[in-house]
Amino acid sequence: MDIPGALAAVWRRIPPDAAPSPGWWLVLALVVTALAVSVPVLWRLTRPAVTIVHELGHAVVGVLCGRRFTGFVVSADMSGHAVTVGPTRGFGRIASTWAGYPAPAILGALLVQIALAGWGRTALFAALIALVLALVFSRSLHTVLAVLATAAGVGALWWWGGPGPIALLTLAAGAFLLLGAWRHLGAVIASGRSGDDPAQLSRLTALPAGAWTASFVLVLAACTLWAGALLAGPLGDLL
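The written sequence of each chain sets the order in which its residues are numbered from 1. The model is predicted, so local features are restricted to residues of pLDDT at least 70 and side-chain atom pairs to those at 80 or more, both for listing and for counting; the totals for chains, interfaces and linings are taken over all residues. Neither water nor hydrogens contribute to the side-chain values; these are computed over all heavy atoms in the structure.

### Observations regarding the overall build of the protein chain
Argument step 1. A tally of helices and strands in the protein chain yields 10 helices and 2 strands.
Argument step 2. Runs of H or I in DSSP of at least four residues are treated as helices and runs of E of at least two as strands, each being numbered from the N terminus. Order of helices (α) and strands (β) in the protein chain, N terminus to C terminus: α-α-α-β-β-α-α-α-α-α-α-α.
Argument step 3. With C-alpha atoms as the basis for the radius of gyration, the globule rule is written as 2.2 Å multiplied by the number of residues raised to the power 0.38. Over its C-alpha atoms the protein chain spans a radius of gyration of 18 Å, differing by no more than 12% from the 18 Å that the globule rule assigns to 239 residues.
Argument step 4. C-alpha atoms of the protein chain, sized along the principal axes, occupy 50 × 50 × 30 Å.
Argument step 5. Out of the 239 residues belonging to the protein chain, those deemed buried represent 42%. For every residue, the accessible area obtained with a 1.4 Å probe (protein chains only) is divided by the maximum for its type, and the residue is called buried under 20%, exposed over 50%, and partly exposed between those limits.

### A short note on the layout of surface pockets
Argument step 1. Grid spacing is 1 Å over the protein atoms alone, the probe is 1.4 Å, and a cavity is where that probe fits but cannot get out, while a pocket is an open set with protein on both sides within 12 Å along at least five of seven lines and lining residues have an atom within 4 Å of a point. Grid points are joined across faces, edges and corners, and a volume is the space filled by probe spheres set on the points. As a volume, the largest pocket reaches approximately 1500 Å³.
Argument step 2. Residue lining of the largest pocket: 48 residues in total, with Val53, Leu107, Ala127, Thr150 and Leu177 positioned closest to the centre.
Argument step 3. The leading source of residues in the lining of the largest pocket is helix α3 (residues 40–64), at 12 residues.
Argument step 4. Tallied by class, residues from the lining of the largest pocket come to 41 nonpolar, 7 polar and no charged.
Argument step 5. Along the walls of the second largest pocket sit 27 residues, with His54, Glu55, His58, Gly80 and Asp197 positioned nearest its centre. Charged residues are taken to be Asp, Glu, Lys and Arg, nonpolar residues to be Ala, Val, Leu, Ile, Met, Phe, Trp, Tyr, Cys and Pro, and polar residues to be all remaining types, Gly included.

### Quick notes on the packing of aromatic side chains
Argument step 1. Stacked, tilted and edge-to-face are the three classes applied to pairs of Phe, Tyr and Trp rings, where Trp contributes its six-membered ring and a pair requires centres within 6.5 Å; stacked means planes under 30 degrees apart, edge-to-face means over 60, and tilted covers the rest. According to the stated counting rule, one finds 7 aromatic pairs in the structure shown.
Argument step 2. Ring geometry for tryptophan 98 against phenylalanine 216: centres 6.0 Å apart, planes inclined by 35°, an arrangement best described as tilted. Here tryptophan 98 is found in helix α4 (residues 91–98), whereas its partner phenylalanine 216 is found in helix α10 (residues 209–238), with 118 residues between them in sequence.
Argument step 3. One aromatic cluster is present, formed by Phe69, Phe72 and Phe137 through successive ring pairs.
Argument step 4. The lysine or arginine in question, arginine 13, covers the ring of tryptophan 159, its NZ or CZ lying 3.7 Å from the ring centre. When the NZ atom of lysine or the CZ atom of arginine is within 6 Å of a ring's centre and also within 35 degrees of its normal, the charge is said to sit over that ring.

### Concerning the nonpolar core
Argument step 1. Membership of the largest hydrophobic core comes to 28 residues, with the highest contact counts inside it found for Trp25, Leu26, Leu171 and Leu231.
Argument step 2. Beyond its immediate sequence surroundings of up to four residues, tryptophan 25 is in contact with Pro20, Leu116, Ala167, Leu168 and Leu171. Take the buried residues of types Ala, Val, Leu, Ile, Met, Phe, Trp, Tyr and Cys, join any two whose side-chain atoms come within 4.5 Å, and each joined set is a nonpolar core. Any two residues whose heavy atoms approach within 4.5 Å at even a single point are treated as in contact.

### Observations regarding the packing of α3 against helix α8 (residues 163–191)
Argument step 1. In this analysis, axes come from line fits to C-alpha atoms, helices being fitted only over the stretch in contact, and the angle between any two N-to-C directions falls in the range 0 to 180 degrees. Closest axis-to-axis distance for the α3/α8 pair is 10 Å, and the angle between their directions is 90°. On the basis of the axis angle, α3 is roughly perpendicular to α8. Counting all contacts with α3, which are made through Trp43, Thr46, Arg47, Ala49, Val50, Thr51 and Val53, the residues of α8 involved are Phe176, Leu177, Gly180, Ala181, Arg183 and His184.
Argument step 2. When the residues that make up the contact of α3 with α8 are grouped by side-chain class, the tally is 7 nonpolar, 4 polar and 2 charged. Throughout this description, any angle smaller than 35 degrees is read as roughly parallel, any larger than 145 degrees as roughly antiparallel, any in the 65 to 115 degree range as roughly perpendicular, and the remainder as oblique.

### Considerations on helix α9 (residues 197–204)
Argument step 1. Residues of α9 that are buried: Asp197, Pro198, Ala199, Leu201 and Leu204.
Argument step 2. In this structure, the buried residues of α9 make contact with α3, α4, α8 and α10.

### Quick look at the confidence of the model for the protein chain
Argument step 1. With 98% of its residues at a pLDDT of 70 or more, the protein chain shows a mean pLDDT of 91.
Argument step 2. The spread of mean pLDDT over the elements of the protein chain runs between strand β2 (residues 80–85), the lowest at 79, and helix α5 (residues 102–117), the highest at 97. Per residue, pLDDT captures the predictor's confidence, and it can take any value from 0 to 100.

### Structural notes on the pattern of salt bridges
Argument step 1. One side-chain nitrogen of Lys or Arg within 4 Å of one carboxyl oxygen of Asp or Glu is enough to make a salt bridge. In this structure the tally under the stated criterion is 1 salt bridge.
Argument step 2. For aspartate 17, the salt bridge is made with arginine 121, and the minimal N-O distance between the two is 3.3 Å. Placement of the pair is aspartate 17 in the loop between α1 (3–12) and α2 (24–38) and arginine 121 in helix α6 (residues 120–136), with a sequence separation of 104 residues.
Argument step 3. Judged by its relative accessible area of 24%, aspartate 17 falls in the partly exposed class.
Argument step 4. The class for arginine 121 is buried, based on a relative accessible area of 8%.

Given below as structure tokens:
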């Protein structure tokens, strides 16, 4: 096996491409996103990506706050939970519990900016590394399969995709995570279950669950405005 040659091939696929020119690929990416979120069978197939980012959002913020991440689960109904070990109350517990619903929206808006700047290939490599690490913390067969399927798609696009398809699908992924975050939040608002994040945050603090839900809405709205502002210019020039 030519290890230097393999490493060189990997390295060639890490640097960013030139920023893509505005074109109808922008519209195609948004149409693909709208179909993935609105068509039930497509949503069932793609929703695990939103759940994975949600749970890893809990984990990353928990670790940053000094908690220890021990694993996460994506269930067959596409719900999930992440486990961080640390004090049962306090800022770290509150921050890690809060981080789940904003995570897909923040990452989604960031991916929109990355796609328009030509950094999609570099972002895919980073995402692939993160998913491989996430496999170590997967705590069920269904979780392993969901992470593997996501990693396989990301890896295939990173290795074989050209600048055009990478930009298109990175933009579609960003828009999907952003819209998927709204759909997830809508589901939790409709359910009002005692185990959902807003209810847990209410038990950890003096604020009602509705206040925490409102904080999620504000973050998702800010991310939507961010992505919309990035897309307004290129789409305006095109249309």
